[in-house]
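# Close look at the chain arrangement
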Amino acid sequence: CESPIFDILITESSLCDEILGVNSSCFSIDCHYFASQTPLERRLWLRALGNVKVKIQNRAPDPTEEEIEHYRTAIREHTSEMEVALGLPPIDEPLLAKSAAPQASLRPQAT
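Everything in this summary refers to the structure shown in the same document. Predicted model, so just to flag it, every value in this text is computed and none were measured.

## Points about the nonpolar core
Of all hydrophobic cores here, the largest spans six residues; its members are Ile10, Cys16, Phe27, Ile29, Leu46 and Leu49. Among the secondary structure elements, those contributing two or more residues to this core are β2 (26–29) and α1 (39–57). Setting aside residues no more than four positions away along its own chain, Ile10 makes contact with Ile29, Leu49, Val52, Lys53 and Ile56.

Here it is, written out as structure tokens:
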């Protein structure tokens, strides 16, 4: 991602659910719906969201830079293990190429 589109507030009462279906890779956060690339990736997202909610519920202090780097390393290791388990080639580059074109507006146009 080059820039955020919108923010989602995660609170201790936020609902983070999987969307049920055969090989579903979809999940929701409150009224926002997302699609991951695989069901395994969906589980990773839901696990991370669950961890964030636990920290919020326990009023944990903000993580240090060292802790954030540790989280990122653990996620990279986990995704590498998932790719090996699925026999997928590792993804070292973004899936979308950088674009100099302006972003399309998500707001409806008046007609």
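## Examining α1
Look at α1: 27 Å from first C-alpha to last across 19 residues, which is about the 27 Å you get at 1.5 Å a residue. All buried positions along α1 are accounted for by Arg42, Leu44, Leu46, Leu49 and Lys53. The inward-facing, buried residues of α1 contact β1 (16–18), β2 and α2 (65–86). Backbone geometry just downstream of α1 places Arg59 in the positive-phi region, at approximately 55°.

Conventions and cut-offs
All residue numbers refer to positions counted from 1 along the written sequence of the respective chain. Thresholds applied to this predicted model are a pLDDT of at least 70 for local features of residues and 80 or more for the giving and counting of side-chain atom pairs; totals over whole chains, interfaces and linings are not thresholded and use all residues. With hydrogens and water excluded, all non-hydrogen atoms of the structure serve as input to the side-chain values. Throughout, nonpolar core names a set of buried Ala, Val, Leu, Ile, Met, Phe, Trp, Tyr and Cys residues whose side chains join them through atoms within 4.5 Å. Relative accessibility decides the category of a residue: with a 1.4 Å probe and only protein chains considered, values under 20% of the type maximum give buried, values over 50% give exposed, and everything between is partly exposed. Secondary structure elements follow DSSP: runs of H or I of four or more residues count as helices, runs of E of two or more count as strands, with numbering from the N terminus. Any two residues whose heavy atoms approach within 4.5 Å at even a single point are treated as in contact. The span one expects for a helix is its residue count, reduced by one, times 1.5 Å.

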